[in-house]
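Each chain, letter by letter, is given below.
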Amino acid sequence: MEYTGFAFRQNENAPLQISLVLATCDLDEWARVPTRLSNRPQGFQRAAVKGHIAEIERFFQQDLSHTNASPTSILVGLAPEAQELVSLVDADSGEELRPDTVGTVPVRCQLALKFDPWLPDEGTPLVDQIGELASVVEARSEPQHEEADASEADIDDDVEWGAGVPESAAEGLNEGGDSDGNVDDSDDGDAGPSQPDVSESDDAEISPAEALHLYSYAELRDLLATKAYESWDDTDLVRLRDLLVDERKPGLIIDGQHRVAATRNIGEVPFIVSFLPFANWAELAFQFIVNNSSAKKVDENLLFAIVGQSLEPEQLSEIEGRLNRSGIKVNLIKASMRVHLEANPFAGMLKTNTPGEKGFLDATAMQKKVIELWYGSKGSSGTVATLKKFRAITDDPGRSKEFRMVDLFGANCSALTVREKAEEWQDGLWFEYFSAFWGAVRDKYLADGLWPQSIDAWPRVGVRSGSPDQDKVQSLMGATILGMLQISVLQRWAERREDRALEDGEDFKTLTITPVQFRDQIANILKPLSSDFFTEYIRSGADASKQVKQVFIRALMDVLANRKSVAQVRASSDSFKS
């Protein structure tokens, strides 16, 4: 195997690095992922995440325009005992290139790797193929200080592939974070039944071959020595054989395993490969740690600002489909920018991390916790309108356990089918009812100072303590608190709709309501909820757990349903100041 590249060091004493351009199908012939199973190094990588690989495959294969690219490098090392397989030649002089002569000035070089990939003889039974490959494992020297139960580094690579936009790692009371878990995709009739959440369980029963990635190197040797695999079916034998084929490979993929796995079988997909052919184990481990643990997630508000403000409509239309397929919810961002820019109670309040802005409500958090419930989604293609539903918190067996937005507001649309109603709703109706709802909330708390009376009362981002007016505003004006208030008030309103329809012998899904009527009804529901509910609430830990949030929402519901007064709720809960 011969390649042309550039040899250099980034610092005087840094490891020799060679920049190559290789198709992942070629790289896969001689480089593998070092997992717990490997002889050495152990614990560099966890087993590949299938969903992660599928995301990257879609990124490349579903791009009909063939314009998608991932211009990031793959980091590859070489097992130290295999370093004698590498030789370097100065591409200009034709002379041997000694590693100790290479400095920070790049040198064009020819790299030769003396390695022959193992190719199966299709006429040889799988058990015999494994027996042939087993000699590779058995010939390996015993690793030093091997511990079968050694812990793995819980680090993964390729963080840029987190479905396009990574979820926030942590939530803050007035900051960004993941959804509260109260908003879900609607299982509308046109889309078919909603799919349940599926997660891989560690306790699920799996075949011996599927558990291979959990084996230690000693356990693998025992398996091969006892030949217990001879009773396996062909599918599992192929898994074991392919794993042993990988064990022969001298190259070690330190960063980029998912990109390689996703693209190696879809044709010639070239990547920049940063190759460290002479690094020792310590250096390879160091590179893995710093390349994974120090990777920074892209600020979601930066994506929000770029998609929502930095691109002209014509520019955005050129890449909108590709962005959607990459997991960036372009239409939802557009909807959120409408909240930020057009006349409504939140106009100008969203914080997109744009220099000079005055907004204080984290744009991404507001999008997830407040706006998405109203707008819905357009699916991964950006073309399939779907509305949301929210789960009700109630102990009454006679009450609905969830409410679908299409059931609550669909009668106000002239369209007939669920899908058409969703499209009509997203075309603009959602914004009218969103503005009406939050207009009622603003009117309720404006005089008390919980809703800012002017821009001077907007909290200053990054300032722990502001003016008394700014501090008071923060009792209510945070994405998490607003989201919980929204769910509670909408649930109470929906329950009233159900009660009225039952009394009149009607289906509440057929009841129409104008934005003005809706605003009046929300204002009426809010009457018993005095401002001290928020000002006296102990905000620390509001995002600590789903249980804490449900306790907060239950307290809200007790007041909104007139089961308790605010004073009674405060007196009976340690979540409020005494």
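Residues numbered from 1 in each chain as written. Predicted model: local features only at pLDDT ≥ 70, side-chain atom pairs only at ≥ 80, totals over all residues. Heavy atoms only, no water.

(A) Inspection of the environment of serine 565 at higher detail. For serine 565, the position within the fold is in the loop between α18 (546–560) and α19 (566–572). On the basis of relative accessible area, serine 565 is assigned to the partly exposed category, the value being 32%. (Helix = DSSP H or I, 4+ residues; strand = E, 2+ residues; numbered from the N terminus. Buried < 20%, exposed > 50% of the residue type's maximum accessible area, 1.4 Å probe, protein only.)

(B) Spotlight on the side chain of threonine 24. If you trace the backbone, threonine 24 turns up in helix α1 (residues 24–27). Reaching out from threonine 24, the side chain makes a polar contact with the side chain of threonine 263 at a distance of 2.7 Å. Apart from residues lying up to four places away in sequence, threonine 24 is in contact with Ile74, Arg259, Val260, Thr263, Arg264, Val269 and Phe271. (Polar contact = N/O pair within 3.5 Å; in protein donor to acceptor, adjacent residues only side chain to side chain. Contact = heavy atoms within 4.5 Å.)

(C) Looking closely at the sheet that holds strand β1 (residues 2–8). Here we have eight strands laid out as an open sheet, ordered β3-β8-β4-β9-β2-β1-β6-β5, and mixed in their pairing. If you trace the sheet from one side to the other, it starts and ends with β3 (31–32) and β5 (86–90), each paired once. Sheet analysis places β3 next to strand β8 (residues 251–255), joined by two bridges and oriented parallel. From the neighbouring strand, alanine 31 faces β8, where its bridge partner is glycine 251. (Pairing = 2+ DSSP bridges.)

(D) Inspection of the environment of lysine 114 at higher detail. Along the polypeptide, lysine 114 turns up in the loop between β6 (107–113) and α3 (126–139). Note on lysine 114: relative accessible area 62%, which makes it exposed. Measuring from C-alpha to C-alpha, the distance between lysine 114 and serine 87 comes to 8.5 Å, with 27 residues separating the pair along the chain.

(E) Molecular detail of unusual backbone geometry. At histidine 66, a residue that is not glycine, the phi angle is positive and equals roughly 55 degrees. Relative to the assigned elements, histidine 66 resides in the loop between α2 (50–61) and β4 (74–78). Residues other than glycine seldom take positive phi values, yet asparagine 562 does so here, at roughly 60 degrees. Counting through the fold element by element, asparagine 562 comes out in the loop between α18 and α19.

(F) Summary view of helix α11 (residues 363–375). In this model α11 runs just 15 Å from its N-terminal to its C-terminal C-alpha over 13 residues, more than 12% under the 18 Å that 1.5 Å per residue would give. Along its length, α11 reaches its greatest deviation from straightness, about 40 degrees, at lysine 369. Burial runs high along α11: 13 of the 13 residues are buried. Measuring from the side-chain oxygen of the N-cap residue of α11 to the backbone nitrogen of threonine 364 gives 3.2 Å; that N-cap residue is aspartate 362. Of the residues flanking the end of α11, it is glycine 376, one or two places downstream, whose phi is positive at about 95 degrees. (Expected span 1.5 Å × (residues − 1). Bend = angle between axes of the 7 residues up to and from the residue.)

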